[in-house]
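Listed below are the residues making up each chain.
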Amino acid sequence: MAQSVIHIKQLEKKFGNFQALRNISFDVNPGEVFGFIGPNGSGKSTTIRILLGILKANGGSATIFGKDVWQQAVQIHERIAYVPGDVYLWPNLTGGEIIDFLLKLNHQHHSARTDELIKAFELDPRKKARTYSKGNRQKVALIAALSTEAELYIFDEPTSGLDPLMEELFQSHVLELKKQGKSVLLSSHILSEVERMCDRIGIVRAGEIVETGTLNEMRQLTRTQITVQTQHSLDPVKILAGIHGFTPIPETLNKATFAVDTSELNHVMVVLAQQGIEALQSMPPTLEDLFMRYYDHAEGDDSHEAK
Ligand SMILES: Nc1ncnc2c1ncn2[C@@H]1O[C@H](COP(=O)(O)OP(=O)(O)OP(=O)(O)O)[C@@H](O)[C@H]1O
Ligand SMILES: [Mg+2]
């Protein structure tokens, strides 16, 4: 198998006594869009800052293109483009000047593509950065990153300040990068975005990766919501393993709604069929359901911030 573009193993980071990252491990493969999701304060940006060589890890290892992210940051940066979570710009430069400056830092030039991106993202490049809204600041960083020729693109919540049209535009550009065989690490809170674009997903909670896999693999861990009407009684179904929240629908006979563990779905369907299915509706688990499963136990993530 080709070497991973990003390889992270048991990464740890402490801020004073606070352990922000406990155990982060995941790989991003060549040509893959990897979605990095998790609640606020779970450690996404910290992981990304370590990858960018901005923060030094306290334990574990992280490499990009097989190079150590702290020791060999210069060589790595020649081959990556990124948009940080909080975009800070030089207030007295215009958006256009900053885009060109960011490109130069990456040994790139302002190209026809840069102009196309400025136009598509509807950015006025003549305005000073201090006058830009959060969304506009994000656009400046996005335009610079997207007009950079790189092998790996790292985006930390790139669409948090963008309106839905711009979000869609960003997504189409990421899909384009994917077509070109580039690798992308994308942290996001927008589950539909992750669902639409990512080949694989890592879920982080309280500084630990709690799940990694394709959306399909993750769906195996969740439940499908079923509403069914049968000819005969649903009593034999109600008591099956893997059935949750069985609720008969009032004023109907043999009609109910319930959730089924995906692993038990086959068996449940067999028993349902024996009762004579008259109507059946099923709703597949969404990434949101999956996410809520982890979020439900996520309290305390930010507890030290409340002080
Ligand atoms: N420089 C720092 N000093 C102290 N604590 C920090 C520092 N940077 C981050 N933290 C803490 O580390 C934890 C992880 O923060 P991080 O920014 O990585 O979260 P995140 O997953 O990116 O969250 P969000 O979704 O809100 O962007 C948080 O509890 C945060 O308060
Ligand atoms: Mg963040």
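What you are looking at is a predicted structure, and each value in this text was computed from that prediction instead of being measured. Each chain has its residues counted from 1, running along the sequence as written. Chain labels run from A onward and ligand labels from 1 onward, assigned in the order the entries are written. The predicted nature of this model means local features are confined to residues of pLDDT at least 70 and side-chain atom pairs, given and counted, to a pLDDT of 80 or more, with totals for whole chains, interfaces and linings taken over all residues. Side-chain figures throughout are based on the complete set of non-hydrogen atoms in the structure, without hydrogens or water.

Visitor: Which parts of the structure should I look at to understand the overall build of the chain?
Guide: When you go through the chain residue by residue, the secondary structure sums to 11 helices and 14 strands. Taking the principal axes of its C-alpha atoms as reference, the chain extends roughly 75 × 45 × 45 Å. Buried, partly exposed and exposed residues are distinguished by accessible area as a fraction of the type maximum, computed with a 1.4 Å probe on protein chains only: under 20%, between the cut-offs, and over 50%, respectively. A total of 307 residues make up the chain; the buried ones form 45% of that total. At a minimum sequence separation of 6, the contacts of the chain that also span at least 24 residues come to 68%. Surface accessibility follows the Shrake-Rupley procedure with a 1.4 Å probe radius. Residue values consider only the protein chains on display as shielding. Element-wise, carbon and sulfur atoms account for 50% of the exposed surface of the chain, whose accessible area totals about 15500 Å². Within this scheme the basic residues Lys and Arg register as positive and the acidic residues Asp and Glu register as negative, but His and the chain ends are omitted. A charged residue contributes its charge at one atom only: NZ of Lys, CZ of Arg, CG of Asp or CD of Glu. Across the chain, 31 positive and 38 negative side-chain charges occur, with their mean positions spaced 6 Å apart. Secondary structure follows DSSP: runs of H or I at least 4 residues long count as helices, runs of E at least 2 residues long count as strands, and numbering of each begins at the N terminus. Contact criterion: two residues are considered in contact whenever any of their non-hydrogen atoms come within 4.5 Å of each other.

Visitor: For this particular structure, what's the right way to read the pairing of strand β3 (residues 33-37)?
Guide: Residues in a regular strand point their side chains to alternate faces of the sheet. When you tally the buried positions in β3, you get five out of five residues, the bulk of the element. Burial of the side chains of β3 extends over both faces: V33, G35 and I37 are buried on one face and F34 and F36 on the other. A pair of strands is considered paired only if DSSP assigns at least 2 bridges between the two. In terms of strand pairing, β3 meets strand β8 (residues 183-187) through four bridges, oriented parallel. Looking across to β8, one finds that G35 is bridged to L186.

Visitor: I tried to follow the sheet that holds strand β11 (residues 223-230) on my own but got confused; where do I start?
Guide: Two pairing modes exist for strands in a sheet, parallel and antiparallel, and in both the strands are linked by backbone hydrogen bonds. The sheet built from four strands is open, its strands ordered β12-β13-β11-β14 with antiparallel pairing. Edge strands, defined here as strands with exactly one partner in the open sheet, are β12 (243-248) and β14 (277-283). Pairs of neighbouring strands in the sheet enclose a mean axial angle of 20 degrees, with direction left out of account. As judged from the seven bridges shared by β11 and strand β13 (residues 255-261), these two strands associate in the antiparallel manner. Within β13, the position partnered with T227 by the bridge is T257. Each axis is a line fitted through C-alpha atoms, taken for helices only over the stretch in contact, and angles between the N-to-C directions span 0 to 180 degrees.

Visitor: How should I be thinking about the nonpolar core in this particular structure?
Guide: Nonpolar side chains in soluble globular proteins generally cluster together in the buried interior. Side-chain atoms within 4.5 Å are what join buried Ala, Val, Leu, Ile, Met, Phe, Trp, Tyr and Cys residues into a set we call a nonpolar core. In this structure, F155 and I201 are the most contacted members of the largest nonpolar core, which totals 43 residues. Among the elements that line this core, the one with the most residues is helix α5 (residues 134-146), at seven residues. Ignoring any residue separated from it by four or fewer positions in sequence, one finds I201 in contact with F34, G35, I37, V194, E211, T212, G213, L215, M218 and L287. If you look at the next biggest cluster of nonpolar residues, it comprises 26 residues, including V5, I64, F65 and L185.

Visitor: Where do I start with the domain arrangement of the chain in this structure?
Guide: Often, the extent of an interface is quoted as the loss of accessible area on bringing the components together. These domain limits were set by an automatic method or by a database of domain assignments. Parsing the chain into structural domains produces domain 1 (6-218) and domain 2 (223-284). The centre of domain 1, based on its C-alpha atoms, is set 43 Å off from the matching centre of domain 2.

Visitor: Please explain a nonpolar patch on the surface as it appears in this structure.
Guide: Each patch is built from residues that are more than 30% exposed by relative accessible area and take part in no salt bridge. Like charges join if they lie within 9 Å; nonpolar side chains (Val, Leu, Ile, Met, Phe, Trp, Tyr) join within 5 Å. Just to be clear on terms, a salt bridge is a Lys or Arg side-chain nitrogen sitting within 4 Å of an Asp or Glu carboxyl oxygen. A surface patch of nonpolar side chains, about 300 Å² in accessible area, is lined by W90, F101 and L105. Checked against the element boundaries, W90 lands in the loop between β6 (80-83) and α3 (95-105).

Visitor: What should I look at first to understand the packing of α3 against α5 in this one?
Guide: At a closest axis distance of 9 Å, the pairing of α3 and α5 adopts a crossing angle of 35 degrees. Regarding α3 and α5, the two cross each other, and that crossing is right-handed. Within the contact between the two elements, α3 uses G95, I98, I99, L102 and L103 and α5 uses V140, I143 and A144. Class assignment of the residues belonging to the contact of α3 with α5 gives a composition of seven nonpolar, one polar and no charged. When the near helix sits turned anticlockwise from the far one by under a right angle, the crossing is termed left-handed; a clockwise turn instead gives a right-handed crossing. Only Asp, Glu, Lys and Arg are considered charged, only Ala, Val, Leu, Ile, Met, Phe, Trp, Tyr, Cys and Pro nonpolar, and every remaining residue, Gly among them, polar.

Visitor: Got a minute to help me understand the UniProt feature "domain: ABC transporter" (unreviewed entry) in the chain in this structure?
Guide: UniProt positions are given in the numbering used here, feature names are shortened, and annotations may be inferred rather than shown by experiment. When the UniProt feature table is mapped to this numbering, "domain: ABC transporter" (unreviewed entry) covers residues 6-231. Between the C-alpha atoms that bound residues 6-231 the distance is 54 Å, and the span itself is 33% helix and 30% strand.

Visitor: What is the right way to read the pairing of strand β9 (residues 200-205) from this model?
Guide: With five of six residues buried, β9 is to be regarded as a mostly interior element. With four bridges joining them, β3 and β9 adopt parallel strand pairing. Bridge pairing in β9 links I37 to I203. Here β9 runs beside strand β10 (residues 208-213); their pairing, made up of five bridges, is antiparallel. Considered in β10, the bridge of I203 is made with E211. Between β9 and β10, which pair antiparallel and follow one another directly, the connecting turn spans two residues, one of which, A206, has a positive phi of 45 degrees.

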